[in-house]
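Coordinates in review
Okay, here's what each chain looks like letter by letter:
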Amino acid sequence: MIYLSPANHNNLWVDGVTTEKEYCEKVVSKIKNINSNVYVASVFKNGDYTGRPEEARDKGCDTYIAIHTNAYEYGVKTTGCVAFYHPENSKSKELAEKLVEAMNGICPIESNRAKSVLDGISESNYPDVGLGEIREPHKLGMTPVLLEINFHTYKPTATWMKENVDLIASKISEVIGGESNKDKVISLLCEAIGLLNESMD
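**Description of the pairing of strand β3 (residues 63-70)**
Burial of β3 is extensive: eight of the eight residues sit out of reach of the surface. Burial along β3 is two-sided: the residues Thr63, Ile65, Ile67 and Thr69 and Tyr64, Ala66, His68 and Asn70 are all buried. Note that strand β1 (residues 2-6) and β3 share five bridges and pair parallel. Residue pairing across strands places Leu4 opposite Ile65, the latter belonging to β3. The pairing of β3 with strand β6 (residues 143-151) spans seven bridges and is classified as parallel. Across the sheet, Tyr64 pairs through a bridge with Pro144, a residue of β6.

Spelled out as structure tokens, the structure:
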């Protein structure tokens, strides 16, 4: 079972309207619709991840994926997916690599990240303790990844994310769900591509 933890903080996007929390909850909801092997966080404490690793453990999950969108200075061209992994878990790094490859593979805006797959302890903003959603699930025996889909502070990537929720959700589901969800993923991808084609006509 895979535990999905959407961002639980209301960081404002560059459009001045969308929040990271509402967007990530929308993505996670779409993933749940096509993947029966996920459990979506139902703990909402303190505007952060408090209680979620414990909930994941209690639900019998073996994988913990935090879904976020990234931020830098508003308007600065920062692009590309980033994912954090636990350095003591090879499966964690492998999953992070697959998710980054999937997200950058569908985004028409090229990543300008020097490095996209990062150690969630030493290469995080908190190198002394690491990212909580990497550190704590690992302590409880799970494989953790924190995924930053793309940057919500740069208008082109923020717009792309808003317009491609179905595509993003289906690609994440494809990576984490494997063959059991292949038909559902293909169906949702076709639907997303059809909507994209209509918008370009």
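Further notes follow.
**Here we look at the pairing of strand β4 (residues 82-85)**
Of the two faces of β4, both are covered, the one formed by Val82 and Phe84 as well as the one formed by Ala83 and Tyr85. In this sheet, β6 lies alongside β4 in antiparallel orientation, the contact comprising four bridges. Within β6, the residue paired with Ala83 across the bridge is Leu147. Looking at chain direction, β4 and strand β5 (residues 117-119) are connected through three bridges and run parallel. Residue pairing for β5: Tyr85 is matched across the bridge by Asp119. Crossover handedness for the path β4 to helix α3 (residues 90-106) to β5: right-handed.

**Some thoughts on the layout of surface pockets**
Put simply, the largest pocket is a space of about 690 Å³. Lining the largest pocket are 33 residues, with His68, Asn125, Leu131, Leu146 and Glu148 positioned closest to its centre. Elements supplying a minimum of two residues to the lining of the largest pocket: β3, β4, α4 (132-139) and β6. Of the residues belonging to the lining of the largest pocket, the class tally is 13 nonpolar, twelve polar and eight charged. The wall of the second largest pocket is formed by Met1, Ile2, Asn37, Asp62, Thr63, Lys91, Glu94, Leu95, Lys98, Thr143, Val175 and Ile176. Those elements giving two or more residues to the lining of the second largest pocket turn out to be α3 and α6 (165-177). At four residues, the largest contribution of residues to the lining of the second largest pocket is made by α3. Considering only residue class, the lining of the second largest pocket consists of five nonpolar, three polar and four charged.

**So, the nonpolar core**
Judged by nonpolar contacts, the single largest core of 38 residues is most densely connected at Ile168, Ile172 and Ile176. For this core, the leading source of residues is α3, giving seven residues. Apart from residues no more than four positions distant in its own chain, Ile168 is found in contact with Tyr23, Val27, Met103, Ile106, Ile149, Trp160 and Met161. With 14 residues, the next largest nonpolar core counts Tyr64, Ala66, Leu118 and Leu131 among its residues.

Reading the values: rules and limits
Residues numbered from 1 in each chain as written. Predicted model: local features only at pLDDT ≥ 70, side-chain atom pairs only at ≥ 80, totals over all residues. Heavy atoms only, no water. Buried < 20%, exposed > 50% of the residue type's maximum accessible area, 1.4 Å probe, protein only. Helix = DSSP H or I, 4+ residues; strand = E, 2+ residues; numbered from the N terminus. Pairing = 2+ DSSP bridges. Right-handed = clockwise from strand over helix to strand, strands pointing away. 1 Å grid on protein atoms, 1.4 Å probe; cavity = no way out; pocket = protein on both sides within 12 Å on 5 of 7 lines; lining within 4 Å. Points joined across faces, edges and corners; volume = space filled by probe spheres on them. Nonpolar A, V, L, I, M, F, W, Y, C, P; charged D, E, K, R; others polar. Core = buried A, V, L, I, M, F, W, Y, C linked by side-chain atoms within 4.5 Å. Contact = heavy atoms within 4.5 Å.

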